[in-house]
Structures are given as structure tokens and as C-alpha cells.
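This is what each chain is made of:
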Amino acid sequence: MGYDWLGPAMFAGALLLLSLGYPVAFSLGGVAILFGLVGVALDIFNPLFLTALPQRIFNIMANYTLLAIPYFVFLGAMLEKTGLAENLLETMGILFGRLRGGLALAVVLVGALLAASTGVVAATVVAMGLISLPVMLRYGYNKQLATGVIVASGTLGQIIPPSLVLVVLGDQLGISVGDLFIGAFIPGLLMAGAFALHVLIVAFLRPDVAPALPESVRNISKGELARRVVSVMIPPLLLIFLVLGSIFFGVATPTEAGAVGSLGAIILAALNGKLTGSALAEVSDSTLRISSMVIFILFGSTAFSLVFRGLNGDRFMFDLLTNLPGGTVGFLLVNMLVIFVLGFFIDFFEIAFIIIPIFAPVARALGLDMLWYGVILGANLQTSFLTPPFGFALFFLRGVAPPEITTEDIYRGAIPFIVLQVLVLVVLILFPPLVTFLPSLG
Amino acid sequence: MEFWLTVARWIDRLNEGIGRLSTGLVLILVGVGVWNVLARYLGQYIQQNLASNALIEIQWYLFALIFFLGAAYTLKHNGHVRVDIFYKNWDRRKQAIANLIGITCFLLPFCFLVLYFSWQTVLQSWLIREMSPDPGGLPRYPIKSMVLVSFSLLILQGISEGIKNLARLKNHPPAPTDLIPEEENHGL
Amino acid sequence: QANPSGSPSTDSTSLPQLQWRMATSWPQSLDTIYGSAEAFCQKISDMTGGRFTITPFAAGEIVGGLEVLDAVQSGAVECGHTAAYYYIGKSAALAFGTTVPFGLNAQQHNAWLYSGGGLEAMQKIYADFNIINFPAGNTGAQMGGWFKREVNTLSDLQGLKMRIPGLGGKVMERLGVNAQVLPGGEIFLALDRGTIDAAEWVGPYDDEKLGLHNAAQYYYYPSWWEPGAALEVQVNKTAWERLPKEYQAIFKAASYQVNLEMLARYDRLNQEALERLLAGGTQLRSFSPEIMAAAQRVAFEIYAETANSDATFKEVYEPWREFRDKILQWHKINELSLTNFVAETL
Ligand code: NA
Ligand code: NA
């Protein structure tokens, strides 16, 4: 019991060691191993506990939800590498003419839809990063705004139903997933709306950060524009909406829609005469590398949380929390803080597994509406994907962003959106009916 | 140093080859995914069961092969993301030191321990010829073995990266062009 | 059991302080099943005056729900609470440890385990995994699950996509169903969105909590594939052999208690939940004799085939089959005739 602080100390250790700049996946795994060894040396950690590690790796392998990742990466890479994404967004830019920030708005919209329907943050952020980031940069968007919009809208899917986070939360809290979906509807809209409003306001106040397309690009004949709309805008848009729609209306699972969408992207490229052997090879290569990067971060993270538990870090937190003063407000505040910190290094599945057994009994004892509490937790978990320096969504975008984007750009870009999310969270806490009203109708 | 650089070159060639081959699996993965969707709808239409758990499991087996075999290749191409806030501002020397620390303190211990804690469960899976518990599912032991293969390849690549960074640190001339990592992610 | 000093009473202060971990296959929301695992741990702590404590963990906390056996075998945790049939990929005969299609109900299954050589047979298999197991819970007869459309004939089953794991899934597969396995948390979404046409989970009480009645209208009975699913505690044998005899005895006693209590709770809760579901508009349907007869024929074909290719399976199956036929004859004459008579007069 005397060394229970070792678990929390892992976070400080990881913070320090990750800043060395060695790849995240292996740093997380390495930190886990180092602390595990310290625990073994102090005789508070049974090394046999680590034999659960391969089982956790197998569990990630066999996770059908994660199978959506390679497909959406492939889809995004195909649209990007063949120039289809660029033509699409450019034509949309021409159509919207002088509307500043139009491109960013489109990203919020498509990103939120994509995120909402796949529910897999890695897949969304990577696909949106591949498709929209280069185009936004080319037309002079501010790097921070461009990256912020992508990571923020990529994580939106955690709260917009149907969402994996809500399914896991419902399961863990023992409340109806259907009610949770309905309850999260208004909060999800609020967040998406806040993002869109933010983009519009920023574009209005500072024309330089989200410019309209330059005159030279916009200035084409009506006939030419019509031709472009029909040939380069409608087909990929149709593809994207078919993929999203089929998930939304239950025609296909995200994995299935991703697979068919990948084939659709190949066909589109072929129709545009862009489907070459080298393009296919390049897209496959990107898919392989990005998938490896994402999955190995999850491996590192699963090792981290296993050791955290082995060192009784969860019990330490429980003791700390149950002795906390401050009532409901204090409890919610601690909730948020803990989720932010855990969100640095631990995947949301595992966060849910660690915190809910600790928090849920306290929430019940405080007499909180569990449905409302579930939505608050979901919104909170979503924000934790974005918190610098180590939010997962930030890693995923960093992994596909071009070199002229610095890591600091991504961090700074995320900050306004984190502020917006926290604001919405506060509004939800102050006005519970925003969550509970719709379910109460059913 | 020359000898070690030769070793590094062999390792690089091995992982480059494995990685390149594995990219071919991506297209197969797309194909199987599309077939599974078709089978489901076609099967409902003609009232016959065209889908099978074997085909569904092949999908995640393929994905597992992709990231297991691709991990070392991705490491070779510097494709594993870093928190490079400080790293990118360091000179080549400091970066090499950071990489050497990362390789010896994080990468190699992590990979060795995964191997150490996995081999028995993989062996067990072989001994009982473990199958999928689902009807029509696939054998589990081959895919479980890939954990060992993947982390072994990572160890090899870690050794290669270690050698190359050491050579950098010693300013060993001439840096053979085939050993200079691609500038994939900003920072290195 | 005699202790070395030969004194009649246990000197509890001489017993060691022990802390174990228990991995389970259940989410916390399954309060009857996960709750039984918790109750089991609580009983052991109570009976040992807090000297021997076991902390239960929900599925995914230490390992995934279908990997409990692996974690117990490797020693990552000392014990686990799970269902044997999750591991039929490791040894097909483990299916008998839980339940098999057209097999025994809870009472008959306990008779087989405790008195008909069943537990010995299971423990013999588990010995190869360095595990010893004890029965620790039963759900009673389960329900046949939720269907989005009615199934009356065998041709209605063709191409139907259903969430149904294990041997039941194998039988369904032969009847033309596309049998799928999804974890509990994903069933609602898949059924609601129509990516599957049918799903079975446990019984009214647990199904209601997953919200399955909001995703499909027709609720079928009976679950001919799970006439009484038994759950169990698995213990790493090395850890077991290190336990003092007193703790071993307490451990076994606690497993008997939860085995009884879980069934009792389910039998009460399921009835209440079914009433609520029916009041809410759920349509109750029974599987047609055509489907039941075909399924039973296929099930025993599968057993015969598996016994031909798997010696361990055969070793368990043949005496189990004999036991099953005999106990069914006995129950048919006496127990069931009364139950049927009384139930018909309701
Ligand atoms: Na969503
Ligand atoms: Na069931």
C-alpha cells in the first residue's frame, strides 16, 4: 500500500520521457515497462500480471470496430493522392465564392458527419487530415485554424450519436444506450454549432486566417464551373455521402461502409484517369504505415494502463476521490481533471474502464441523474482527445500532417476548440434539461 | 563501424522487403471487405447464406498482418509519430542521442518484454491448435504467432536504427545514402 | 480436513493475509452475473474475517471478457469468473461446462456436475490448462432472442443474420443462418441499425437493460441452445495449491452459495421483467416445432461428428448423453408431469 503513488507517478514519468521525442508508441510501452520493473523491485508488482499483455494485444487485434481504420485511411489517401480531394474542395470554394472560411465550414460539416458515423477518432482525423489539410494550406488558411478544425471536428463523433463512447458508457453505467443517444443529440448539435460559429467569427474578424479562394481561381466561366461541378465535385461528394448515409441509416457498419467507400474511391480515380499502379501502391503504403502507427500507439497505451492497474493506481485514485470535499461541483471538477490527465496517454475505452467503476458510485450517492452524468462524461472524454501535449487526436493528425505544420501549430490550433468544448460542457452542467428533455419525451 | 553498418543495411533490406510485400495485403483487405458486404446483401436477396465467419475473420487477420508486418517498416521510415516539441529544434547530434536513449530504454525493453510475456501463450495456442470459438471461424495460432514475428522484426529494426544513430553521433563518414531515413515526419 | 497440528478448531490468526484478483467476463451492468462475482468475493472476505480478499474486475479492466481463461492460466490473475463455452476454440468439450443445445436445464445440469461425474470431467480438461474450476452461478433457461421479423419455417431462417455465439451458432449456421458473435455492448446498435436481423443475449431481465426491446419487436422462446447456462470460477492451479486448506474449503463453500443464489435471483427477476416487456408491446413468439425438430437433429449430428474427431469431446459427450437421457426420462415421469399439469391449469 505504501507505494500506491507509483501509479499516478507514471503520468509524470511519461510526460517527461515523451518529451524526449522518441516515438509515442514505444515511449508509452517503455514507460510502462520501466515502472513495472520498479514495482517488481519494490516487491509490490507481480511480474506475472504482465502475462495479461498479450491477451490485451489479441483483444485489440480482434476488435471489429478498429477494422474501420485501414478502410477510412485508404479512402482518404486515395482521394488525396489522386488529387480528387483537392479538386472537390476547390470547386466547393469557387461555388461559395466570397464566403470566407467556407472551406473550414465544410470541414466541420463533413468531419462531424464522418466522425459521427464511424465513431473511430483515428479513422476520422486521419482521413480528414489527408483530404482537407493540404488544400486548406494551399489556399492560405492559417495553419492553426486548419489543424484545429480537423482535430476538433474529428473528435465530435464521440458525442454525436451513434457513438461508440456512448455505447461503452451506457454499458458501464447500466443505462439505456438508446436514451443516451437521444440525450446526447442536443449537446452534440451545440458543439458542432459552436465550432461552426467560431469558424465564421474568426473568418469575419481576421480575413487573413481563412481567406476566400483567390480571384484567379474563382474567375472561371459559368460553363466551366458547371462542368467542374458535375465532373469533380458531385462524384466524390456523392461517394462521401453514400458512405456516411449507409452507416447512418444502418445499411452498413462503419467497417463495411469503409470497405465499399475504398472501392468507390478506386473507381472514381479510374474514371478520372488517375488510377495508376504507382498511385495504388502509394495509397496502400500510406495505409500500412498510418495503420501501424495508430495501432501501435494503442498497444503502448494498453501496456501503460495495465501497469497502472497493476501498481494499484486505480485504488489510489479511488481513495483520493472518496475523501474529497466539495459536493457535486467539486466532484464534477475532479471528474474533468482526471479525465483530461488520463486522456493524455490512455485510450478512451480504457479510461472508461478505469474511471467509471470509481466515479459512478459517487455520482449515484450524490443523487445525480445518471443519464445526464453519462452525457457529461462523454463530452468530457471527447475533450480529452484534444488536450495538449498528448491528446490522441493530436498524435493522429501529427502523423499525417505535412512537414510545414509544426507540432505547436496543432497544439495552438486545438486550444480554442478545447475552450469551446469546455464552455458547452459548463452550459450542460448548468442546464441539465438540455440533456434530459428529449429522453423525457420518450 | 563498417561491419555494423553492413548489418544495419541487411536489416533494413529485410524490413523494407517485408513492408513492401505487406502493402499488397491492403488491396486484398479492400477486396474482402467489399465481398463481405456484397455477400450479406446478395445472400439476403437470394435467400442463401453467402457470408461466413471465416471471411469476416480473414478481414481482421489481414489487418493484423498489415500492422504487425508494417510496424518495423514504419519505424524504418520514421513513420511512428513523435512528440517533437523539443526534438525538432535539436541538432543532428542531440537527436541521435535522443533516439539512442529511446531505442535502449523504451523500444528494446518494451519489445523484449512483450516477447517474453507472449511466447508461452502463443506456444500454448499451437499445442492445442486453438480455433476461433465461432462457427466456421479460423485457426487462432497462426495469427497469434504474428505478435512474436512483429516484435522480433521491431527489435531488429531497433538495432539497425541504433547503429545508424551511433554512426551519426560519431559523425561516421560517409553516411551511405541508403541508410539515411526519409524525412517523413517533420522533425527528424 | 485435518490441519497439521491436529487441533479441532482453526486458529484464524495463523492464516495468511492474501489478496487476489479476479478477472471476469462481464460488464458491471450485468448486475446479476457480475453481482454474483462480487458477492462471491464478499463471502470469502466475510468467512475469513477479511484475511483473504479477492477484487473482481469487469471485462476489459485487466483482459477482455473472452480472455479470462488465458489470464488465469498464465497467472496474470489468480482466478476468474466466466463461462466455459467461451473457450470451445481451445477444447470443444468445454461447451458441456456451460450448456449445449438441447442439453440440461439448471437443475439437471447441477445434478450432472455435482453428482453425475460432470465436475470431475470438466476439471480433468482444465487440468491441462493448469486450472481448477468450480460451478458458480446459473442463468436458468434463457430466451430465444429478439427478431426483427417473424420466423416460422426453416426457409425463414435462410440468410438471416443473427448474433448467436457458440454451439447454438453452429446449429443455426447449418440451418442457413449467418451466425455472428458480437460483444454485449455492440448488440443493441447492430440490431437497431439493422446490420443484424436477430440477436440473443440472456433473458428478459438482462435483455431489457440492453434495450433490445427497442430494437426488435418479436421475442422468441425458448432458447433451445441455452437451456440453463452455468457459470464458473476458474482458479490458477498453482495459486490454488498454495492456498491453506481452510481457504480452499471456504472458496468451495462460497462457490456453492453463489451457484444457488444467482439462479434464484434470475428466476424471480426474469418473470418481473417479462411482464414489463409485454406491457410495453413486445410480441412473444415460440419457435415452431419444425425449427425445433430440425435444430435438435442438427445439434446431435454436430455432437456425433465432433466426437468422431475429438477424443476429449467424446470422453465427455458419451457419458453426458447417457446421463441426459436418463434424467430426462425420470423428470418426464415425475417432476415435469406435475409441473406441466399445474402450469396448464393457470
Ligand atoms: Na458518433
Ligand atoms: Na444467450
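Structure: above.
Procedures and definitions
The residue numbering used here restarts from 1 in each chain and proceeds along that chain's sequence as written. Whichever chain is written first is A, and whichever ligand is written first is 1; the rest continue in order. For this predicted model, a pLDDT threshold of at least 70 governs which residues receive local features, and a threshold of 80 or more governs which side-chain atom pairs are given and counted, while totals over whole chains, interfaces and linings are taken from all residues. As a rule here, side-chain values come from all non-hydrogen atoms in the structure, and water together with hydrogens is ignored. At least two bridges found by DSSP between two strands is the condition for calling them paired. For helices the rule is a DSSP run of H or I covering at least 4 residues; for strands it is a run of E covering at least 2, with both sets numbered from the N terminus onward. Only the contacting stretch of a helix is used when fitting its axis, a line to C-alpha atoms as for every element, and angles between N-to-C directions run 0 to 180 degrees. Donor atoms are limited to N, O and S found within 2.8 Å of the metal ion, a distance that becomes 3.2 Å for Na, K and Ca. With water left out, some sites might look partial. In the sections that follow, a salt bridge refers to a side-chain nitrogen of Lys or Arg positioned within 4 Å of a carboxyl oxygen of Asp or Glu. Type-normalised accessible area, obtained with a 1.4 Å probe on protein chains alone, sets the label of each residue: buried when under 20%, exposed when over 50%, and partly exposed for intermediate values. Contacts were defined at the residue level, with two residues in contact if any of their heavy atoms lie within 4.5 Å. Summed over both partners, the accessible surface that disappears when two parts come together, traced with a 1.4 Å probe, is what is meant by buried area. For this analysis, a polar contact is any N or O atom pair within 3.5 Å, provided that within protein one partner can donate a hydrogen and the other can accept it, and provided that sequence-adjacent residues contribute only side-chain to side-chain pairs. Each crossing gets its handedness from the near helix: less than a right angle anticlockwise from the far helix is left-handed, clockwise is right-handed. As a working rule, the residues Ala, Val, Leu, Ile, Met, Phe, Trp, Tyr, Cys and Pro are called nonpolar, Asp, Glu, Lys and Arg charged, and the rest polar, with Gly in that last group. By the definition adopted for this analysis, an angle is roughly parallel if under 35 degrees, roughly antiparallel if over 145, roughly perpendicular if from 65 to 115, and oblique otherwise. Along the arc lie the directions from the helix axis toward the C-beta atoms.

Student: I would appreciate a short explanation of the sheet that holds strand β10 (residues 230–236) of chain C in the present structure.
Tutor: Pairing between the strands of a sheet comes from backbone hydrogen bonds, and it takes one of two forms, parallel or antiparallel. Residue and element names in this part refer to chain C. With respect to topology, 5 strands assemble into an open sheet ordered β2-β1-β3-β10-β4, the strand pairing being mixed. Since the sheet does not close on itself, it has two edges, and those belong to β2 (52–57) and β4 (131–138), each with one partner. In this sheet, neighbouring strand axes are inclined to one another by 25° on average, regardless of whether the strands run parallel or antiparallel. Inspection of the sheet shows strand β3 (residues 79–82) paired to β10 by 4 bridges, in the antiparallel sense. Residue T82 lies in a different strand from β10, and its bridge partner there is E232.

Student: What is the right way to read unusual backbone geometry from this model?
Tutor: The phi torsion of most residues other than glycine is negative, and most of the peptide bonds are trans. The omega torsion of the bond from Y221 of chain C to P222 of chain C falls at -10°, within 30 degrees of zero and hence cis. Tracing the sequence through the fold places P222 of chain C in the loop between β9 (218–221) and β10. At N78 of chain B, a position not held by glycine, the phi torsion is positive, near 55°. As for its position among the elements, N78 of chain B is in the loop between α2 (53–76) and α3 (92–127).

Student: How should the coordination of the sodium ion (ligand 2) be read in this particular structure?
Tutor: Residues and elements named next belong to chain C. Ligation of the sodium ion (ligand 2) by protein atoms is provided by Q142 (OE1), E200 (OE), E200 (OE), W201 (O) and E226 (OE), these donors lying 2.1 to 3.0 Å from the ion. Linear spacing of the donor residues for the sodium ion (ligand 2) on their chain is Q-x57-E-W-x24-E. In this pair, Q142 sits in the loop between β4 and β5 (145–147) while E226 sits in the loop between β9 and β10, placing the two residues 84 residues apart along the sequence.

Student: Explain the pattern of salt bridges here, please?
Tutor: A side chain of one charge can pair with a side chain of the opposite charge when the charged atoms of the two come close. Taken as a whole and judged by the stated rule, the model has 27 salt bridges over all chains. A salt bridge links E80 of chain A to K81 of chain A, with the shortest nitrogen-to-oxygen separation between them at 3.6 Å. A residue is classified by how much of its surface remains accessible, and E80 of chain A, at 26% relative accessible area, is partly exposed. A relative accessible area of 32% places K81 of chain A in the partly exposed class. A salt bridge links D325 of chain C to R324 of chain C; its shortest N-O distance comes to 3.0 Å. Taking the relative accessible area as the measure of exposure, D325 of chain C reaches 29% and is therefore partly exposed.

Student: Sorry, what's going on with the interface of chain B and chain C here?
Tutor: Frequently, the measure chosen for interface size is the accessible area removed from exposure when the parts meet. Each partner contributes residues to the interface: chain B has 20 residues there, and chain C has 25 residues. Between chain B and chain C lies a buried interface of about 1,700 Å² when both sides are counted; carbon and sulfur atoms form 45% of it. Summed over the shared surface of chain B and chain C, the result is 1 salt bridge. Residue E130 of chain B is joined to K90 of chain C by a salt bridge in which the shortest nitrogen-to-oxygen separation is 2.9 Å. Where chain B meets chain C, there are 3 residue pairs in polar contact (both at pLDDT 80 or more).

Student: Explain the packing of helix α3 (residues 52–61) of chain A against helix α14 (residues 277–310) of chain A to me, please; I cannot follow it from the model alone.
Tutor: Axes are the key here: two packed helices are described by the angle between their axes and the distance separating the axes. Residues and elements named next belong to chain A. Where α3 meets α14, the closest approach of the two axes is 10 Å, and the angle between their N-to-C directions is 145°. α3 and α14 meet at a crossing whose hand is right-handed. Listed contacts from α14 to A52, L53, R56, I57 and I60 of α3 are I295, L298, F299, T302, A303, S305 and L306. Residues that form the contact of α3 with α14 fall into these classes: 9 nonpolar, 2 polar and 1 charged.

Student: What should I look at first to understand the packing of α3 of chain B against helix α4 (residues 141–169) of chain B in this one?
Tutor: All names here are of chain B. For the pair α3 and α4, the least separation of the axes is 8 Å and the interaxial angle reads 160°. Considering the angle they form, α3 stands roughly antiparallel to α4. Of the two elements, α3 crosses α4, and the hand of that crossing is left-handed. Taken together, the residues of the contact of α3 with α4 break down into 22 nonpolar, 9 polar and 5 charged.

Student: Is there a simple way to explain helix α5 (residues 118–127) of chain C in this structure?
Tutor: For an α-helix, the turn length of 3.6 residues means that residues three or four places apart are oriented alike. Residues and elements named next belong to chain C. Among all positions in α5, only G118, L119, M122, I125 and Y126 are buried. The arc that holds the buried residues of α5, viewed along the axis, is 125°, so those residues lie on one side. Among the exposed residues of α5, those oriented more than 90 degrees off its buried face are E120 and K124.

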